[in-house]
Amino acid sequence: QTDTRGLVFSNAPGQAYNSWQLDGKTLVNRATGEIDLDSQVLAADVKFGQGAQLVNNGTFQINVGTSQVPLRFFNDDSIGGKIQNAGVIDMVGSASASSADVYQLGGSILCYTDLDNAGAIGLNRFTNTRLHLLGTGTSSGDFFVGEGSQLFLSGTQHLTSTSRVLANGDVS
């Protein structure tokens, strides 16, 4: 079987702590990318430093469906970094906690890093996907929040006149 994915982050089997560092570089996905965590993960971080950027111009899937901890995107220094989406990001989670406490949400995505969305970000409607946008950003693209999923705009997210939030789930 041929693997056609372009950019892949996944935990090694039996690896409990997973941390990926983008330091001063720009990583561009132009094809199909993926972050995939399994139930053995005890911590998962994507750290941005020295102005690093993750640019998605393709399709990127973030799957934390069986993880017991949140996947965290955060800045590792005062310069920080940014996620820029001009493609499609599809998020699949399985947050089971009923609390809004971000520290108790396994299967959630916590984005402390600035995020600009000119494409589409989808929270899968068949799972309890939770995305917390805790940084700043400007979005001219779309957010799709499926039934049973939640989008928390806890940071400073500027939505332009062309941006749309289409939700059967919760947005706060």
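Bear in mind the structure is a predicted one, so any value in this text is a computation, not a measurement. (Residues numbered from 1 in each chain as written. Predicted model: local features only at pLDDT ≥ 70, side-chain atom pairs only at ≥ 80, totals over all residues. Heavy atoms only, no water.)

1. Digging into the pairing of strand β2 (residues 17–23)
Turning to step 1, where the next piece is worked out: Along β2, the buried face is formed by N18, W20 and L22; none of Y17, S19, Q21 and D23, which line the opposite face, is buried.
Turning to step 2, where the next piece is worked out: Sheet topology note: the β2/strand β5 (residues 43–49) ladder contains 7 bridges and is parallel. Note on β5: the bridge partner recorded for L22 is F48. (Buried < 20%, exposed > 50% of the residue type's maximum accessible area, 1.4 Å probe, protein only. Helix = DSSP H or I, 4+ residues; strand = E, 2+ residues; numbered from the N terminus. Pairing = 2+ DSSP bridges.)

2. A word on the sheet that holds strand β4 (residues 32–36)
Turning to step 1, where the next piece is worked out: Sheet architecture is open: 7 strands sit in the order β1-β4-β7-β10-β13-β16-β19, paired in parallel fashion. Each edge of the open sheet carries a strand with a single partner, namely β1 (7–10) and β19 (164–167). When the angles between neighbouring strand axes are averaged without regard to direction, this sheet yields 10°.
Turning to step 2, where the next piece is worked out: Pairing between strand β13 (residues 120–123) and strand β16 (residues 142–145): 4 bridges, direction parallel. Note on β16: the bridge partner recorded for G122 is F144. (Axes fitted to C-alpha atoms, helices over the stretch in contact; angles between N-to-C directions.)

3. Overview of the nonpolar core
Turning to step 1, where the next piece is worked out: I35, I62, L71 and F73 are the most contacted members of the largest nonpolar core, which totals 31 residues.
Turning to step 2, where the next piece is worked out: Here this core gets 3 residues from one element, more than from any other, and that element is β5.
Turning to step 3, where the next piece is worked out: Sequence-distant contacts of I35, that is, excluding residues within four places in its chain, are made with F9, V46, F60, Q61, I62, N63, L71 and F73. (Core = buried A, V, L, I, M, F, W, Y, C linked by side-chain atoms within 4.5 Å. Contact = heavy atoms within 4.5 Å.)

4. Quick word on unusual backbone geometry
Residues apart from glycine generally show negative phi values, whereas peptide bonds are mostly found in trans.
Turning to step 1, where the next piece is worked out: Of note in the backbone geometry, Q50 takes a positive phi value of approximately 55° without being a glycine.
Turning to step 2, where the next piece is worked out: As for its placement among the helices and strands, Q50 is situated in the loop between β5 and β6 (53–56).

5. Examining the sheet that holds strand β20 (residues 170–171)
Turning to step 1, where the next piece is worked out: Strand order in this open sheet of 7 strands is β2-β5-β8-β11-β14-β17-β20, and the pairing throughout is parallel. Because the sheet does not close on itself, it has two edges, and the strands there are β2 and β20.
Turning to step 2, where the next piece is worked out: When β5 meets strand β8 (residues 71–75), the two strands line up parallel, connected through 5 bridges. Opposite A44, over in β8, you have L71 as the bridge partner.

6. A few points about the side chain of N56
Turning to step 1, where the next piece is worked out: Tracing the backbone through its elements, the reader meets N56 in strand β6.
Turning to step 2, where the next piece is worked out: Among the residues examined, N56 registers a relative accessible area of 4% and is labelled buried.
Turning to step 3, where the next piece is worked out: Within the structure, N56 has its side chain in polar contact with the side chain of N29 (distance 2.8 Å). (Polar contact = N/O pair within 3.5 Å; in protein donor to acceptor, adjacent residues only side chain to side chain.)

7. So, the side chain of N85
Turning to step 1, where the next piece is worked out: Considering the arrangement of structural elements, one finds N85 in strand β9 (residues 82–85).
Turning to step 2, where the next piece is worked out: Within the structure, the side chain of N85 is placed 2.8 Å from the side chain of N56, a separation counted as a polar contact.
Turning to step 3, where the next piece is worked out: Filtering out sequence-adjacent residues up to four positions away, N85 remains in contact with N56, D116, N117, A118, G119, A120 and I121.

8. Let's talk about the pairing of β5
Turning to step 1, where the next piece is worked out: Within β5, 7 of the 7 residues are buried, which leaves the element mostly enclosed by the surrounding structure.
Turning to step 2, where the next piece is worked out: On β5, burial covers both faces: A43, D45, K47 and G49 on one face and A44, V46 and F48 on the other are all buried.

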